[in-house]
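Structural characterization, general
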Amino acid sequence: MSRSRLLPLTGILVALAAWQIAVSSHPASLIPGPFVVARGIGELAARGLLVKYVVASLFRVTWGYLTAFVIAIPLGLALGLIRRGEMAVNPILQLLRPISPLAWIPIAILWFGVGDISAIFLIFLASLLPLTVATMNAVHNIDPVHLAAARNFGIPLRARITRVLVPAILPQLIVAMRIALGVAWLVVVAAEMIAVNSGLGFLIVDARNAGNRYDLVIAGMVLIGLIGIILDLMMRRMERLDSVRWGYAAQ
Amino acid sequence: MKVQFSGISMRFGAMDALQDVNIGVEEGEFLCILGPSGCGKSTLLNIAGGFLTPSKGSVTIDGETVTGPDRRRIFVFQERGVFPWLTVEGNIGFGLFDLPEAERRQRIAQYVHLVGLEGFEKSYPRELSGGMKQRVEVARALAVNPDVLFLDEPFGALDSITRLQMRSELLRIWRAEKKTVLFVTHDIEESVQLADRVVVMSARPGRIRRVVDIDIAHPRDLSSRRYIELRDLIFGEIGLAHQV
């Protein structure tokens, strides 16, 4: 096995061992060791909750994130291109940006009640701002020479958007999409703790409330971490596309 | 006259970038605009390209006043003008959006061949050298069959050997394609090697000091008496003693 795989694996094994040793030396603690947590994950799988909760969380993230994406990209492009629009809208964006999406939970529940829509709304908000701002900034960063060349060749507006504007911002946009998806995944867990009764966030709260099942609490945490990594790896794959690699510093 | 500059003046704030520039360019002529940095030569080219509007005066091409960029006259920037997200093929075919696919393919192949980039059709600009990128940009410009080419210090970022090769390449293409070329440079040798006429400009405000006819047939012998005479004439005109 190559060193690039061996070292991370060693790191994980050492961490798991340290965890087990710490738990074994404090038998009174409620925190379970890795084997108990693994059994917890097995139990969730056997009860059919594993797939159900993972799907529920991914379902909310998908809808919230995609809705945000569909609105943020055209909005960001328009704001990036139209200086006056940016001057009008940017202060609002900047004001909303430092507000944690979680601060919207009471309003989400007020508007949409307890249920999927509230959770999706929170994920939507969490993804919308970073995607919009990143798109806008990416448009500002386009090399003016490329825009001038596109104008010179007199290509129609639609082609100018699809063949110049979008590919020019794509490298930066993919990075923003990755970050936004990470935030969306953070937010779904929090939203599920409050607004719904399924999903990995709900699992964590429910396991604690229903009899201090800390093995399931940590099982939920581990699952959240693993799925987060998988989502990030999927987004990273896009950075390797031939048509965007120019936008990243040479390796 | 193919291109006519009439009474062009350009102010940027309090700075006079150009003052009363008048010059005509003949069809098929290779005109070099030469001057020190900040003499407004690039501004002048951008005005002709339709990217800037002069404060006074106008440019006409075929008797038509220039009001904006036009695909009949293509501007070639330094090599960074190529689109990094498109392959060599994609770049060269960029302006050919209104051609049927078969004709587009054929035209791309023709210009890939003209600039000698066979085998690199599917390469991305990041995989090419500076000189190759510059070839891609020239091919992209020529592929739409413009009648005027504007080149703004196109070889400025290349090493001196590649620059020499690119010059003879450009001359070969110019003779094959018979375009009117306006070429901006701050390199005296370059202007004498390439141009039919050299417009020597002075700085702040930018205006024409002198127009020098380069009456040497191509290919030019860079050690001929006439070449050295003309080169020294321009050196003198710019106020440089020809000594290092």
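So, how was this worked out
- Residues numbered from 1 in each chain as written.
- Chains lettered and ligands numbered in written order.
- Predicted model: local features only at pLDDT ≥ 70, side-chain atom pairs only at ≥ 80, totals over all residues.
- pLDDT = per-residue confidence, 0-100.
- Pairing = 2+ DSSP bridges.
- Helix = DSSP H or I, 4+ residues; strand = E, 2+ residues; numbered from the N terminus.
- Axes fitted to C-alpha atoms, helices over the stretch in contact; angles between N-to-C directions.
- Contact = placed C-beta atoms within 7 Å.
- Core = buried A, V, L, I, M, F, W, Y, C linked by C-beta atoms within 7 Å.
- Buried ≥ 20, exposed ≤ 12 C-beta atoms within 10 Å, placed from the backbone.
- Nonpolar A, V, L, I, M, F, W, Y, C, P; charged D, E, K, R; others polar.
- Right-handed = clockwise from strand over helix to strand, strands pointing away.
- Parallel < 35°, antiparallel > 145°, perpendicular 65-115°, else oblique.
- Left-handed = near helix turned anticlockwise from the far one by under 90°.

Right, let's talk about the confidence of the model for chain B for a bit. Looking at chain B as a whole, its pLDDT mean stands at 91, while 98% of the residues score no less than 70. For this predicted complex, the interface confidence comes out at an ipTM of 0.89, alongside a pTM of 0.84.

The subject of this paragraph is the sheet that holds strand E6 (residues 73-76) of chain B. Residues and elements named next belong to chain B. Taken together, six strands build an open sheet; the order of strands is E6-E7-E8-E3-E9-E10 and the sheet is mixed. The sheet is open, and its two borders are formed by E6 and strand E10 (207-213), each paired with just one other strand. Recorded for the sheet is a direction-independent mean angle of 15° between the axes of neighbouring strands. Sheet topology note: the strand E3 (residues 30-34)/strand E9 (residues 197-202) ladder contains four bridges and is parallel. Its bridge partner being in E9, Leu 34 is matched across the sheet by Val 200. Docked against the sheet, helix H7 (residues 225-238) engages E9 and E10, running at close to 170° with respect to E10.

Of all hydrophobic cores here, the largest spans 126 residues; its most connected members are A:Leu122, A:Ile123 and B:Leu182. Per element, the largest residue contribution to this core is 17 residues, and it comes from helix H8 (residues 157-194) of chain A. With residues up to four places along the chain from it excluded, the contact list for A:Ile123 reads A:Arg60, A:Val61, A:Gly64, A:Tyr65, A:Ala184, A:Val187, A:Val188 and A:Ala191.

Bringing the interface of chain A and chain B into the picture now. Contact with chain A, which involves 18 residues of that partner, is made by 19 residues of chain B. Ranked by the residues each element gives to the side of chain A that touches chain B, the list is headed by helix H7 (residues 144-152) of chain A, at six residues. Here the side of chain A that touches chain B is built from residues that sort into 10 nonpolar, four polar and four charged.

Below, the discussion takes up the pairing of strand E8 (residues 180-185) of chain B. All names here are of chain B. With respect to burial, E8 is a largely interior element, six of its six residues being buried. Burial along E8 is two-sided: Thr 180, Leu 182 and Val 184 and Val 181, Phe 183 and Thr 185, pointing in opposite directions, are all buried. The sheet contact formed by E3 and E8 spans five bridges and is parallel. From the neighbouring strand, Cys 32 faces E8, where its bridge partner is Phe 183. In this structure, strand E7 (residues 148-152) lies alongside E8, joined through five bridges in parallel fashion. Bridge pairing in E8 links Val 148 to Thr 180. The parallel pair E7 and E8, bridged by helix H5 (residues 160-177), forms a crossover whose chirality is right-handed.

All names here are of chain B. Bridge count between E9 and E10: six bridges; the pairing is antiparallel. In the sheet register, Met 201 faces E10, and the bridge partner there is Ile 208. Between E9 and E10, which pair antiparallel and follow one another directly, the connecting turn spans four residues, one of which, Arg 204, has a positive phi of 45°.

Mapping A:Thr62 onto the fold places it in helix H3 (residues 49-81). As for A:Thr62 and A:Trp185, which are separated by 123 residues in sequence, their C-alpha atoms are 9.8 Å apart.

The next thing to look at is the packing of helix H2 (residues 34-46) of chain A against helix H10 (residues 214-238) of chain A. Residue and element names in this part refer to chain A. Running from amino to carboxyl end, H2 crosses H10 at an angle of 80°, the nearest separation of the two axes being 8 Å. Between H2 and H10, the crossing angle belongs to the class labelled roughly perpendicular. Counting all contacts with H2, which are made through Val 36, Val 37, Arg 39, Gly 40, Ile 41 and Leu 44, the residues of H10 involved are Asp 215, Leu 216, Ile 218, Ala 219 and Val 222. Of the residues that constitute the contact of H2 with H10, the class distribution is eight nonpolar, one polar and two charged.

Attention shifts here to the environment of B:Ala143. All names here are of chain B. Mapped onto the secondary structure, Ala 143 falls in helix H4 (residues 130-143). As for Ala 143 and Ala 109, which are separated by 34 residues in sequence, their C-alpha atoms are 9.9 Å apart. Leaving out residues up to four positions away in the same chain, Ala 143 has contacts with Ile 92, Gly 93, Gly 95, Leu 96, Arg 107, Ile 108 and Tyr 111.

Residue and element names in this part refer to chain A. Remark: H8 packs on helix H9 (residues 200-209), axes separated minimally by 6 Å, with the N-to-C direction vectors making an angle of 50°. Looking at the two axes, H8 sits oblique to H9. Every pair of crossing elements has a handedness; the one defined by H8 and H9 is right-handed. Where H8 abuts H9, its residues Val 188, Val 189, Ala 190, Ala 191, Glu 192 and Met 193 lie against Leu 200, Gly 201, Phe 202, Ile 204 and Val 205. Of the residues belonging to the contact of H8 with H9, the class tally is nine nonpolar, one polar and one charged.

To continue, consider the sheet that holds strand E4 (residues 56-61) of chain B. All names here are of chain B. Pairing in this open sheet of four strands is antiparallel, and the strands run E2-E1-E4-E5 from one edge to the other. The two strands at the open ends of the sheet, each matched to only one other strand, are strand E2 (15-25) and strand E5 (64-65). Judged from the two bridges that link them, E4 and E5 form a sheet pairing that is antiparallel. Across the sheet, Ile 61 pairs through a bridge with Glu 64, a residue of E5. Seen against the sheet, helix H1 (residues 41-49) touches strand E1 (3-12), E2 and E4 and runs at an angle of roughly 120° to E1.

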